[in-house]
Every structure is written in structure tokens, then in C-alpha cells.
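# A structural walkthrough
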Amino acid sequence: MSDLLQSLNPGTPPDARSYVERAEIDASLRAPVLLFFGTGVAWLLLGSLLGVLAAFKMSFPHLLDSADWLTFGRVRPAHLNIMVYGWASAVGIGVGIWLMARLCRVAPRHRGLLIGAGIAWNLGVLAGTIGILAGQSRSIEWLEFPGWATPILFVAYALIGVWGVIMFRFRRPGHVYVSQWYLLAAFLWFPWLYATANTLLIWQPVQGSVVGAVNWWYGHNVLGLWFTPIGLASAYYMIPKVLGRPIHSYYLSILGFWSLALFYSWNGMHHLIGGPFPAWMISASVVASVMMFIPVITVAINHHATMRGHFHYLKWSPTLRFTVVGAMTYTIVSLQGSLMAIPSLNNLTHFTDYTIGHAHLGLYGFFTMTMFGAMYYIVPRLVGWEWPSAAMIRWHFWLAASGVALMVGSLTLGGFLQGLELNDPQVAFLTSLKTVAPFRFVRACSGILLSAAHLVFAVLFIRMLLRQGGPRAEATLLSPPEIPAV
Amino acid sequence: MNKLPLLFVGILLVFSTSWIGLVAYPYLKLGRLAPEASRDGLVPPPLTASAIGGERVYAANGCIYCHSQQVRPAWLSTDIEKGWGPRQTVARDYIRESPPFLGTMRTGPDLTNIDVRRPDRVWHYQHLYEPGTVTPGSIMPSFRFLFKVQPIKDRPSFEAVAVHGPHAPPRGYEVVPTQDARDLVAYLLSLKHNYPLPEAGDPPAADAGK
């Protein structure tokens, strides 16, 4: 264990062997990880464009409404699926395989497997997006890619999952770090989720309302058992790594991990409160959602105690700033989710923009921010170059942070008021639309802020690949530290 | 937690509980329901071929992102008071649909009983072509691409849609629905879940669905 803690601690000067070891791992992962990152950033830009378009369509319904492939009901799922599979999953896979190799401390074999998987994954996303825009979607939320596109994604994914398990099997003997549990679990859960959902919903559809149950079992578990473990694995690695301090408590890590696995997997049915299902299924999900307090607070305490006394590092380290904002948002969004599951609040927010705000807080405020943080750490190690501009990183951070805050704020408040009116039998339906309209306009504008953030990041990423900005002896910091870091 | 087999089995076992509870159980319990015989024939009545086509148009154009199709029970919600339907919807209401469009948003009204509220085919054509003409204030997009604007030949087609105001076709032209529009409206007019079902509680009152 002390071996690993030492390797996790940048304060201890690494011996020659671990320099060589890390360089070897980074070199062999350069192509596949940059492939996932690069294509992910491209999808992020396209997904932002479609998201902004869909958002403005709610304020201006006549915007680009003459072509069928640009209608709201196709642009919106195209935006969601591009963000989920093209951006978030791809960058999550990139971060996941890099962390797995670094923590297993062996140079990965079968690099070709990963490159093949990366190419296939992107072809799958491309085919699926074209399918949605061409009118092939079956309107099952989070699974809109047509049945002829999803097998490509599944095969690509299977290659990655197999690689991950092989990697873990042939790791250097010694302690297994908490990030590795989360990654191994994510690598095993996702194919089960994706295979079940595609089999029962797309290839051999089940009857009637069962579709709803499977749909939300999948939809919520993609967040909880795919994105969340990858995001937490990254936070568990980056925070101690940047600070040069070990994680506060090993036992809290264990509790957090297993309670997440147990409770999160049962959450999905809270999306269907009052729906055509046995009441116990909904109740079980509501209870499990509230029980999420346990893993969330456990992880929050663990991260907070690790950070304690070191919050001033957030002024300097881009990795730490993005990661810690992401980890704090994870706590907020999860507690919000637990509260939203409670029937009285669930009834109010169900069917409103409030839920959309919650989804963005999770997938963006937590996951995407955490992934940006990880990329700020990983890309320099792959390219052998430091980030060319601290100013651009600051722009990226503030545009992204203010954009997501504005978006979630407007959707939350607007959705709340919308919910009050939707539930009031005395209020006409159109009134709820009028009430929420200004909030929707603000939300659409917040999308412009986020798109600008992504553009800045994309330019930075390309400049990085081109090794622009002159060589630097030290890592690029957000601002020069006033006191020397101890 | 340094042993691969322990982690492996634990990770899969814990997850399998939710798979059994939320996937396998509803599949076994609700996955093989049959229509109920009633005085008026089988309920829910099977979809016509055109309505099945319309279901695909509904899915392709993402109606579900704004319209739900579920009426929640009175003890939990005001759906029935709001007029979305006379009773809560139950699993059997959805057996003919593949997939069912339960929905998670109400940017537009619930459509479970749209045929009861809007039984007029022409209204639906006008609404799909230019929603604002029949429901001012609506933010539903126009589905003009489901229609053809064509020159009037000798006399207007029998199914030409009357469109007035700024969105009317130029003089000498008429708006006619494509097959997709006909199918979609056939599907919308099949959405009528006001028949009684034993598992759905109280039978509907006389003015049900209003």
C-alpha cells in the first residue's frame, strides 16, 4: 500500500524506475486516449450547437422549422445522444483507460484493440445520429439510436470492457486503489445495461408498459453506474494526486462504493411516479433514491477531508479546480436528486423543466467538469507539452461554470413555477407555458455561454496537439502562486 | 478489496438485484397482458394499420419530448381534475403500443385521451400544419413537412386542409396531407382510454374525459 501511496504523491521524488514505467504507459496509450478525447471534443461542439438550437426553438418555434430533420423532436434527441455517447462516454472511456493503466502500473497490451474500438465507437455515434435526424428514432429516451447503429456501439464497447478486465487481471501486484474499483465496476455494468436495454427495447421489444420500466432502469443507471463511477474514479485520483496527500479514509471509500452499487441501481423508477406499474416498484426506487444520501455524503466527507486546509490550491491548479467543482456538484446534484424522489416534491417537478435542470447539473456540472479536470492533467502527459495559455483555461472555466449555473438556475426556478401551475386544476395549460417562457429564453442564452466555453477548450486542445505556445519548464497554472507550494 | 474474484462477483451480484427487481419482475408480471373483453369489444381496441404507421411518425418526430401519455391516480396528482382522463392509466392500456409513449415532459398537454377532447380530424391537420392558427399561444413547431402544398387542379382535393391567415398557401394552391400526416392523425384519434378496466378503479362518469 505504501508503495502506491508513494507513487500517488508528487511530493516524493519518483525513482528512475517509476519515471520509465509511467513514460512507457503514457506512450503506449497516447494514440487511443487522444483518439477518444479528440473525437469527444468534436462531438461536444456539435452537440452544443444542436442543444442551443433546440433550446431556442422553444422560444421561437418557427426557427428552422421547414425541414423535417431539423424539427425539435429530432434535434433534441440528437443533442442528448451526441452528448451522452459521443462526448461524455468517449471522454469517460479515455480517462478510464488511462487511469486503469496508470493504477495497474503495467504498460497496456493490445493497444490496437482500443484504437479499433475508438474508431468503431465513433462510427456508431455517427450512424445513430444520422438515424435520428433521418427519422429512425423510436423515441425511447436515452436509447434513440436506431437498432442498426447500436450493435456497432456495443461491439466497440465490448472491446474496451474486455481490455479493462484484462488490464486489471494483469496489474502489478499490490494494493488496489479505490478508483480501480469504480472503473472495474463501470466496465462491467455498462455492457450489462446496454445489452439488456437494447435487447428488450430495440431488438426484441417487450410489451407495453414494461418498456417504461426497462427504459428508466437503463436511463438512470447510465448516469449512476456508468458516468458516476468514472467521474468518482477520476476525482479520487486527481484530488490526492494534485495535493500530494492520501485520501482521507480507506473505510469511507469502501462504504461509499458498495452503497452506491446497491442503492443507485434501484433508482430509475422514480421517473415514473404514478405510472402504470405496481406501487412497490416506484416505492422501492423512491426509498433507494433517498438512501443515496449514504454513498453521497460518504464520498463528500472523504473528498472534503482530503481537501481540508488546501482549498487555496484551487487558485492555481486547473485540474484541481475543475475536479473539485465537479465533485462538489456531485454532492449537490445527488442530494437534490434524493429530495426530488420524495413523492411531494417529485409530483411538483415531474413533467417540468426542473428535471431537465437536474439532468444538466449532473451530466455537466458534475461529470463534464470532472472530465475537463482530468483532461487538463492527462493530455500534457500524453503530448509531452504544457497547456499553452493560462488565460484560455480561465476563460474556459468561468464560461463553463457561469453557463451551467445560469442554465440550472433558470430551469430550476422556471420548472418549479411551471409545476405549481401544471398541478393546479384552476390554471389553464397555456398559462404554464407563458410562465416558463422567459426562463426558457435565459436557458437558451446560457447554452451560448457553454458553447463558447467548449470552443475555447477545443482551440486549446488543438493548440496543445500542435505544441504551440513555447516550451514550459513547469505545469501551466491558473495564476502564479503567491507563496511557494509546500 | 484486493481480490479480483471478490470484486467481480460483488459488483455483478449487487447489480443483479436491480435487474431482477426492475427488469425481470415487470417483464414476468406485466409483459404478457391480453386485451379485456367488454360490451364494446376488446379494450383497448387494436390499432389500425394506418394508426400503427402513425405511431412510427409520432416516434420519428419526437412528440414524446413534450407530450406525455399517462394519467396518474387521483390520490397522487390532479391529472383527473385537470381533465387528462377519467381514470388513471394502467399497464393494460399500453399493450398495443410498441413502444408506449409514457413521456416525462408536459411542455404540451397530455395526449392519453386526445381523441375524446379533439375528435375532429380537420382540427388535427390544421394544428399540425400551423399550431398557432387553432391554438394561439402554442409553442408547438409547425409540421408543414408532413403536408404538400400543390397547385389546385380542376377543383380542390377532397382532403385539402383549410389554412387561413399569414400561413395560408398562395392563391391557386392547396395544402394536402401526406400519408405520414394521415397516419399520424389516425394514431392520435386512436388515443382514447376512457373505457373501464377492472384494475383501474372506479368506472368513468358519464362526461368522462371532458
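The rules behind the values
Residues numbered from 1 in each chain as written. Chains lettered and ligands numbered in written order. Predicted model: local features only at pLDDT ≥ 70, side-chain atom pairs only at ≥ 80, totals over all residues. Heavy atoms only, no water. Helix = DSSP H or I, 4+ residues; strand = E, 2+ residues; numbered from the N terminus. Buried < 20%, exposed > 50% of the residue type's maximum accessible area, 1.4 Å probe, protein only. Polar contact = N/O pair within 3.5 Å; in protein donor to acceptor, adjacent residues only side chain to side chain. Contact = heavy atoms within 4.5 Å. Buried area = accessible area lost by both parts, 1.4 Å probe. Salt bridge = Lys/Arg side-chain N within 4 Å of Asp/Glu carboxyl O. Phe/Tyr/Trp six-rings, centres within 6.5 Å; stacked < 30°, edge-to-face > 60°. Lys NZ or Arg CZ within 6 Å of the ring centre and 35° of its normal. Patch = residues over 30% accessible without salt bridge, like charges linked within 9 Å, V, L, I, M, F, W, Y side chains within 5 Å. Areas by Shrake-Rupley, 256 points an atom, 1.4 Å probe, with all protein chains shown as cover. Expected span 1.5 Å × (residues − 1). Core = buried A, V, L, I, M, F, W, Y, C linked by side-chain atoms within 4.5 Å. Axes fitted to C-alpha atoms, helices over the stretch in contact; angles between N-to-C directions. Parallel < 35°, antiparallel > 145°, perpendicular 65-115°, else oblique. Left-handed = near helix turned anticlockwise from the far one by under 90°. Nonpolar A, V, L, I, M, F, W, Y, C, P; charged D, E, K, R; others polar. pLDDT = per-residue confidence, 0-100.

Attention now goes to the side chain of serine 48 of chain A. Residues and elements named next belong to chain A. With respect to the secondary-structure elements, serine 48 resides in helix α2 (residues 16–59). In this structure serine 48 comes out as buried when scored by relative accessible area, which is 7%. Among the polar contacts listed, one links the side chain of serine 48 to the backbone oxygen of leucine 44, at a separation of 2.5 Å. Setting aside residues up to four positions removed in sequence, serine 48 forms contacts with Met83, Ser451 and His454.

In this section: helix α7 (residues 179–188) of chain B. Residues and elements named next belong to chain B. Among the 10 residues of α7, seven are classified as buried, and the element is accordingly described as predominantly covered. Taken residue by residue, α7 has Ala181, Asp183, Leu184, Val185, Ala186, Tyr187 and Leu188 as its buried positions. Tucked inside the fold, the buried residues of α7 contact α2 (49–60), α4 (114–117), α5 (121–129), β3 (147–151) and β4 (173–177).

What follows covers the side chain of asparagine 267 of chain A. Residue and element names in this part refer to chain A. Of note, asparagine 267 is situated in the loop between α8 (250–264) and α9 (279–291). For asparagine 267, a relative accessible area of 3% puts it in the buried group. Separated by 3.1 Å, the side chain of asparagine 267 and the backbone nitrogen of serine 289 make a polar contact. Ignoring any residue separated from it by four or fewer positions in sequence, one finds asparagine 267 in contact with His220, Ser285, Ala288, Ser289 and Met292.

Moving on to the interface of chain B and chain A. Interface size is often expressed as the accessible area that is lost when the parts come together. The partner chain A presents 87 residues to the 72 residues of chain B that form the contact. Regarding the contact of chain B and chain A, the summed buried area is about 6,900 Å², with carbon and sulfur atoms giving 67% of it. In this assembly, chain B and chain A are joined by one salt bridge. The residue arginine 144 of chain B makes a salt bridge to aspartate 65 of chain A at a minimum N-O spacing of 3.0 Å. Summed over the shared surface of chain B and chain A, the result is 23 residue pairs in polar contact (both at pLDDT 80 or more). Counting residues per element, the ones that place at least two in the side of chain B that touches chain A are α1 (4–30), α2 and α3 (79–82) of chain B.

This part is about the packing of aromatic side chains. For the structure shown, the criterion picks out 45 aromatic pairs over all chains. Here tyrosine 129 of chain B and phenylalanine 147 of chain B contribute two aromatic rings whose centre-to-centre distance is 5.4 Å and whose plane-to-plane angle is 90°, an arrangement assigned as edge-to-face. Here the residue tyrosine 129 of chain B occupies a position in helix α5, and phenylalanine 147 of chain B occupies one in strand β3, the gap between them amounting to 18 residues. Take tyrosine 129 of chain B: its relative accessible area is 5%, and that puts it in the buried class. Classification of phenylalanine 147 of chain B as buried rests on a relative accessible area of 8%. Clustering of aromatic rings is evident, with ring pairs tying together Trp87, Phe322, Phe372, Tyr376, Trp387, Phe397, Trp398, Phe457 and Phe461 of chain A. Cation over ring: arginine 109 of chain A sits above phenylalanine 170 of chain A, and NZ or CZ is 4.5 Å from the ring centre. A cation over an aromatic ring shows up here: arginine 321 of chain A above the ring of phenylalanine 397 of chain A, its NZ or CZ 5.0 Å from the ring centre.

Residues and elements named next belong to chain A. A contiguous nonpolar patch, built from Ile119, Leu123, Leu126, Ile130 and Ile152 and spanning about 430 Å² of accessible area, is present on the exposed surface. Considering each element in turn, the nonpolar patch owes the most residues, four residues, to helix α4 (residues 111–133). Its location among the elements puts leucine 123 in helix α4.

Looking now at the environment of alanine 54 of chain A. Residues and elements named next belong to chain A. Along the polypeptide, alanine 54 turns up in helix α2. Residue class for alanine 54 comes out buried when judged on its relative accessible area of 5%. Expressed as a C-alpha distance, the spacing of alanine 54 and tryptophan 98, which sit 44 residues apart in the sequence, is 34 Å. Setting aside residues no more than four positions away along its own chain, alanine 54 makes contact with Phe72, Val75 and Arg76.

Let us look at helix α14 (residues 390–422) of chain A. Since one α-helical turn is 3.6 residues long, residues separated by three or four positions face the same way. The terminal C-alpha atoms of α14 of chain A lie 47 Å apart, and with 33 residues this matches the ideal 48 Å at 1.5 Å per residue to within 8%. Sitting at the head of α14 of chain A, serine 389 of chain A places a side-chain oxygen 3.4 Å from the backbone nitrogen of alanine 391 of chain A.

This part is about the nonpolar core. Residues and elements named next belong to chain A. Counting residues in each nonpolar core, the largest one holds 193 residues, and the members touching the most others are Tyr85, Trp98, Trp121, Tyr218 and Ile378. Of the residues forming this core, the biggest block, 21 residues, is contributed by helix α3 (residues 72–104). Apart from residues no more than four positions distant in its own chain, tryptophan 98 is found in contact with Asp26, Leu29, Val33, Tyr237, Met238, Tyr377, Ile378, Arg381 and Leu382.

Residues and elements named next belong to chain A. Orientation of helix α7 (residues 210–243) relative to helix α10 (residues 293–307), taken along the N-to-C sense of each, is 15°, at an axis distance of 10 Å. The angle between the axes of α7 and α10 places the two elements in the roughly parallel class. Considering only the axes of α7 and α10, their crossing is left-handed. Along the contact surface, α7 presents Leu232, Ala235, Tyr236, Ile239 and Leu243, while α10 presents Val299, Asn302, His303, Thr306 and Met307. Split by residue class, the contact of α7 with α10 holds seven nonpolar, three polar and no charged.

A separate point is the environment of proline 61 of chain A. One can find proline 61 of chain A in the loop between α2 and α3. Residue classification places proline 61 of chain A among the buried residues on the basis of a relative accessible area of 17%. Residues proline 61 of chain A and phenylalanine 72 of chain A, spaced 11 residues apart in sequence, show a C-alpha to C-alpha distance of 8.5 Å. If sequence neighbours within four positions are ignored, proline 61 of chain A has contacts with Ile139, Met140 and Pro141 of chain B.

Attention shifts here to the pattern of salt bridges. Applying the stated rule across the entire model yields 14 salt bridges over all chains. Salt-bridge contacts for arginine 440 of chain A lead to aspartate 353 of chain A; the nearest nitrogen and oxygen are separated by 2.8 Å. Note that arginine 440 of chain A is positioned in helix α15 (residues 429–465) and aspartate 353 of chain A in helix α13 (residues 353–383), a separation of 87 residues in sequence. The same class applies to arginine 440 of chain A and to aspartate 353 of chain A, which are both buried. Note that arginine 87 of chain B and aspartate 93 of chain B form a salt bridge whose closest N and O atoms lie 2.9 Å from each other. As far as the burial class goes, arginine 87 of chain B and aspartate 93 of chain B line up, both buried. Linked by salt bridges that have partners in common, Arg72, Asp79, Arg106 and Asp110 of chain B make up one network.

This part is about the confidence of the model for chain B. Residue and element names in this part refer to chain B. For chain B, the average pLDDT comes to 92, and 95% of its residues sit at 70 or higher. Averaged pLDDT values over the elements of chain B bottom out at 89 in strand β1 (residues 36–38) and peak at 98 in α7. The low-confidence segment residues 206–210 (pLDDT under 50) makes seven contacts with residues lying over four places distant or belonging to another chain.

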